Amino acid sequence: MKKYFLLIAASLVSWTAFSQSSPKKAAAPAALPRPKLVVGIVVDQMRYDYFYRYYDKYSPGGFKRMLNEGFNCRNNHYPYALTVTAAGHAAVYTGSIPSINGIVGNEWYDPIVRKSVYCVEDSTVKTVGSTNNAVGKMSPRNLLTSTVTDQLQIATNFRSKTVGVAIKDRGSILPAGHAATGAYWFDSKTGNWVTSTFYMPDLPQWAKDQNAKRLPSEYAKRGWQTMLPPDQYTESTADDQPYEAKLPGASKPVLPYDVAGLAGDAFGAVLSTPWGNTLTKDMAIAAIKGENMGKGPATDFLAVSFSTPDRIGHAFGPNSVEQEDIYLRLDLEFADLLNFLDGWVGKGNYTVFLTADHGVMDIPGFWKQHNLPAGLINERQVGAAVKKALNDAFGAGDYLQASENFQIYLNHKALREKKVTVEAAAEAIREALLPMEGIADVINLRTLGSSNLNDYLLGLFKNNYNAKRSGDLQIVTQPGWFPGGATGTTHGTPYNYDTHVPFLLYGWGVNKGETLRRTTISDIAPTLSALLHILPPSGNVGNAVEEALKK
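Per chain, the residues get numbers from 1 upward, laid out in the order the sequence is written. This being a predicted model, a pLDDT of at least 70 is required before a residue's local features are given, and a value of 80 or more before pairs of side-chain atoms are given or counted; all residues contribute to the totals for chains, interfaces and linings. Note that the side-chain values use all heavy atoms of the structure and ignore hydrogens as well as water.

Focus on the overall build of the chain
Note the following rule: Going along the chain from the N terminus, every DSSP run of H or I of four or more residues is numbered as a helix, and every run of E of two or more is numbered as a strand. The classification of residues rests on relative accessible area computed with a 1.4 Å probe and restricted to protein chains. Under 20% of the type maximum is buried, over 50% is exposed, and intermediate values are partly exposed. Should any heavy atoms of two residues lie within 4.5 Å, those residues are considered in contact. Using a 1.4 Å probe, accessible areas were evaluated by the Shrake-Rupley method; residue-level cover was limited to the displayed protein chains.
Helix and strand content of the chain: 19 helices and 20 strands. Principal-axis analysis of the C-alpha atoms places the extent of the chain at approximately 120 × 60 × 50 Å. Taken over 551 residues, the chain has a buried fraction of 59%. Considering only contacts in the chain between residues 6 or more positions apart, those separated by 24 or more positions represent 73%. Carbon and sulfur atoms provide 54% of the accessible area of the chain, an area that totals close to 22,900 Å².

Points about the pairing of strand β18 (residues 503-507)
For clarity, the cut-off: If DSSP finds at least two bridges between two strands, the strands pair.
Counting buried residues along β18, 4 of its 5 residues qualify, which places the element largely inside the surrounding structure. Where strand β2 (residues 71-73) meets β18, 2 bridges bridge the pair, whose relative direction is antiparallel. Counterpart to asparagine 72 in the pairing with β18 is leucine 504. Here 5 bridges tie strand β11 (residues 350-356) to β18, and the two strands are oriented antiparallel to one another. The partner of threonine 351 across the bridge, within β18, is glycine 507.

Concerning the sheet that holds strand β6 (residues 127-128)
Judged by pairing direction, the sheet is mixed, and its 10 strands sit side by side in the order β6-β9-β8-β7-β10-β1-β11-β18-β2-β19 without closing on themselves. Where the open sheet ends on each side, the last strands, each with one partner, are β6 and β19 (513-515). In terms of strand pairing, strand β8 (residues 182-187) meets strand β9 (residues 192-196) through 3 bridges, oriented antiparallel. The residue bridging tryptophan 185 from the neighbouring strand is valine 194, located in β9.

Notes on the nonpolar core
Test applied: In this description, a nonpolar core means a group of buried Ala, Val, Leu, Ile, Met, Phe, Trp, Tyr and Cys residues linked to one another through side-chain atoms lying within 4.5 Å.
With 125 residues, the main nonpolar core has Ile41, Leu302, Tyr327 and Leu341 as its most contacted residues. Here the element with the most residues in this core is helix α12 (residues 321-344); it accounts for 11 residues. Dropping the residues within four chain positions of it, leucine 302 is found in contact with Leu37, Val38, Val39, Gly40, Val163, Val165, Ala284, Ala287, Ile288 and Met293. Listed in part, the 22 residues of the second largest apolar core include Tyr399, Val442, Leu473 and Trp481.

Considerations on helix α4 (residues 85-94)
Taking burial as the measure, the 10 residues of α4 include 10 buried ones, the bulk of the element. Looking one or two places after α4, you find glycine 95, whose phi comes out positive at around 65°.

Description of unusual backbone geometry
Residue leucine 255 is joined to proline 256 through a cis peptide bond whose omega torsion reads 5°. Inspection of the secondary structure puts proline 256 in the loop between α9 (215-222) and α10 (275-290). Positive phi, close to 75°, is recorded for glutamine 45, a residue that is not glycine. Here glutamine 45 shows up in the loop between β1 (37-43) and α2 (50-53). For arginine 114, which is not glycine, the phi dihedral falls at a positive 60°. Within the secondary structure, arginine 114 sits in the loop between β4 (107-110) and β5 (115-118).

Side note on the sheet that holds strand β13 (residues 400-404)
Inclusion rule: Note on definitions: angles span 0 to 180 degrees between N-to-C directions of axes, and those axes are lines fitted to C-alpha atoms, for helices only across the stretch in contact.
In space, the 4 strands of this open sheet follow the order β13-β14-β16-β15, with antiparallel pairing throughout. Two strands bound the open sheet, and with one partner strand each, they are β13 and β15 (439-444). With strand direction ignored, the average angle separating the axes of adjacent strands in the sheet is 20°. Of the pairings in the sheet, the one linking strand β14 (residues 407-410) to strand β16 (residues 473-477) comprises 2 bridges and is antiparallel in character. Across the sheet, isoleucine 408 pairs through a bridge with leucine 473, a residue of β16. The strands that helix α16 (residues 422-433) touches are β14, β15 and β16; relative to β15, the one it contacts most, it runs at about 175°.

Comments concerning the packing of helix α14 (residues 379-394) against α16
Filter applied, for reference: Put simply, angles under 35 degrees are roughly parallel, angles over 145 are roughly antiparallel, angles from 65 to 115 are roughly perpendicular, and the rest are oblique. A crossing counts as left-handed when the near helix is turned anticlockwise from the far one by less than a right angle, and as right-handed when that turn is clockwise. Only Asp, Glu, Lys and Arg are considered charged in this grouping, and only Ala, Val, Leu, Ile, Met, Phe, Trp, Tyr, Cys and Pro are considered nonpolar; every other residue, Gly among them, is considered polar.
Direction vectors running N to C along α14 and α16 enclose 130°, while the axes themselves pass 9 Å from each other. The orientation of α14 with respect to α16, classified from their angle, is oblique. The handedness of the crossing between α14 and α16 is right-handed. Contacts between α14 and α16 pair Val382, Ala385, Val386, Ala389, Leu390, Ala393 and Phe394 from the former with Ala424, Ala425, Ala428, Ile429, Ala432 and Leu433 from the latter. Residue classes in the contact of α14 with α16 are distributed as 13 nonpolar, no polar and no charged.

Observations regarding the side chain of serine 272
Counted only if it meets this: Polar contact is defined as a pair of N or O atoms within 3.5 Å, subject to the rule that within protein one atom must be able to donate a hydrogen and the other to accept it, and that residues adjacent in sequence are counted only when both atoms are side-chain atoms.
Mapped onto the elements of the fold, serine 272 is located in the loop between α9 and α10. For serine 272, a relative accessible area of 10% corresponds to the buried category. Within polar-contact distance, the side chain of serine 272 engages the side chain of arginine 311 at 3.1 Å. Contacts of serine 272, omitting those with residues within four sequence positions, involve Trp224, Leu247, Thr308, Arg311 and Ile312.

Things to note about the pattern of salt bridges
Any two side chains of opposite charge can pair, on the condition that their charged atoms come close. Basically, it comes down to this: Salt bridges are counted wherever a side-chain nitrogen of Lys or Arg sits within 4 Å of a carboxyl oxygen of Asp or Glu.
Counting across every chain of the model gives 20 salt bridges. Taking the shortest distance from any N to any O, the salt bridge between glutamate 514 and arginine 74 comes out at 2.9 Å. Taken together, the residues span a long stretch of sequence, with glutamate 514 in strand β19 and arginine 74 in the loop between β2 and β3 (76-77) at a distance of 440 residues. Residue aspartate 392 pairs with lysine 388 through a salt bridge whose shortest N-O separation is 2.7 Å. Placement of both aspartate 392 and lysine 388 in helix α14 is noted, with a separation of 4 residues, approximately one turn of the helix. The pair aspartate 392 / lysine 388 is uniform in exposure class, with both members exposed. Each of Asp44, Lys168 and Asp310 takes part in one network of salt bridges that share partners.

Below is the structure:
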C-alpha cells in the first residue's frame, strides 16, 4: 500500500512539474480600435446650403463622396451670437462657447489693461520661418480651455502628432491647441509658411523644403480663369454687379483675373483666388508626409482650415460667379486630399470631419434687387448718436472706452465721476439708437438675465458673453442688416445665414446617414472624443452625435 501511495505522489509531482514547465500561452490583450489619422477640415465662410447649391456640378470624389458615404448633420448651428473666424475655430475644437473659452471675437478690448487684443497675439514669442517679425508673434495663450487636439495628446501621453495648417494664423493656432506638435500659417509678405517659438525654435526641414518650392509665385503666374465656360455658371447672378468688390489691380469684378501682388504684400492677391486653397492643401499634405502622420503608434490629428473662401465671399458674395467657381475648385482639392489619404494610410483607416467657422449674409444690394429686407448701417452715424446721447443726458464727458464686435465698452471711471450708472447710460443709448433703420435693440450685457430680448436670441448672446472680455452693451442688428460699405458682405450675427453651417463626418468609425435634429458646433469635439475614447475638452458643453458613430 505504501508503494502505491508513493507511486501516486511521484506521478502528481511529475505532472505538476510538466504543467509548470509548459504553461499555456496567454492571449495578448487586443488593442482598442482607433483611426490612424483624424483630419479636421474647417472651411472659412461656408454656409450649409453650398453642399446642395452646386451639388450637380461637384465631382464624385470630393463633397459628394463625403456626403454619400458619411454622416451629415443637416441642421447644425452655432450656439452663440457673434459668428466670426476666431470664435468659430475655437468653438469647433473646444466643444465650448465664447463665454467659457474666452475667444469672444477676432479682436476684443481688455478693460483691465486698457488695450485692444488680437485673438492669438503673443508678444513673448518670435517669428520662425520669415524675416517678417510681426507675422509670427502668435500663440494659443488667449484660449482659456483645452481642445480636442490637446486631449488627444494627453490621452496618448503625447505620442500623438497634432498639427494645424491654415493661411490665417487664428485658423491654424486655435484648432491645433496648446500642446500641438506644430501650427503653421502663411506670411503674405514673403510667401513663406511660418510658425512661432511657442512651438519650435526652427522650421522642420520638410517645411523649409515646402517654402523652397516658391509655389505662391508659381500659382500667381497662372492667374484666375473660370473652371467652366462662363455660360455654365447657372447657379450665380451674372458677373459684374455694382455691389461686388474688386480684387487688387482689377478694373472691374469680372473673371478672369490677373494676380498681381502689392508692395509690402506681394502674395496677398493670390490668397484671394482659388490658388489659396491649393496652397493650403499642398501644405497639409506636406505636413502629413513630413511628420509621418498616421504611421505611428497612436492616432494623429491634422487640423486644416481653408481661409480663401472667406476672402472671396466677403468681396463677391454667395451669388457670384467667383463664389461658384471657388467651390467647384475646392471640391476638386478635397477629392485630391481624400485620394492622397487613401494611399497614405489606406481607405477606411482615417476619419475626416468637415465644418465651417461661420456662414455669411447675401450682399444687401442683391437682396434689394429682389425686394428682400436688407440694408447697411452707417457705423459713424451710430457712433456719433451714442456720444451725443450721453453728452445730452449727463453733460460733456469721455464716456466711451472702446467699440468692438458692435459692442460698446463704457468708461466706468468717467461714469462714476458723473455719478451715472451703467443702466442709465444704456437706456440713453438705447433710446438714441432704436429709431435708426437696421437696429433691432441695444442690450445691457451685464444684466442679460433681466433683458426683454426673446429667449432664442437671449441664449445666443449669453453664450457669447465673457465678463473679462466682452463690452457693456451689445447693438443687435435686424436680420439682413450690418455695418459696411456699398460693396461686399459680411457675417457675425445670430441669424440663420450666419449660424447654419455643415457638420459632416466621414471614414473610420462613422455610420452612413444623416440627421435633421438640431445639433451644434459644440457637439463636434465631444463626438470626436467619443470616437477616440478620450476625455472631451475642459470647457466642453456639447454632446456626442451618437447616431453618427458605429457602436
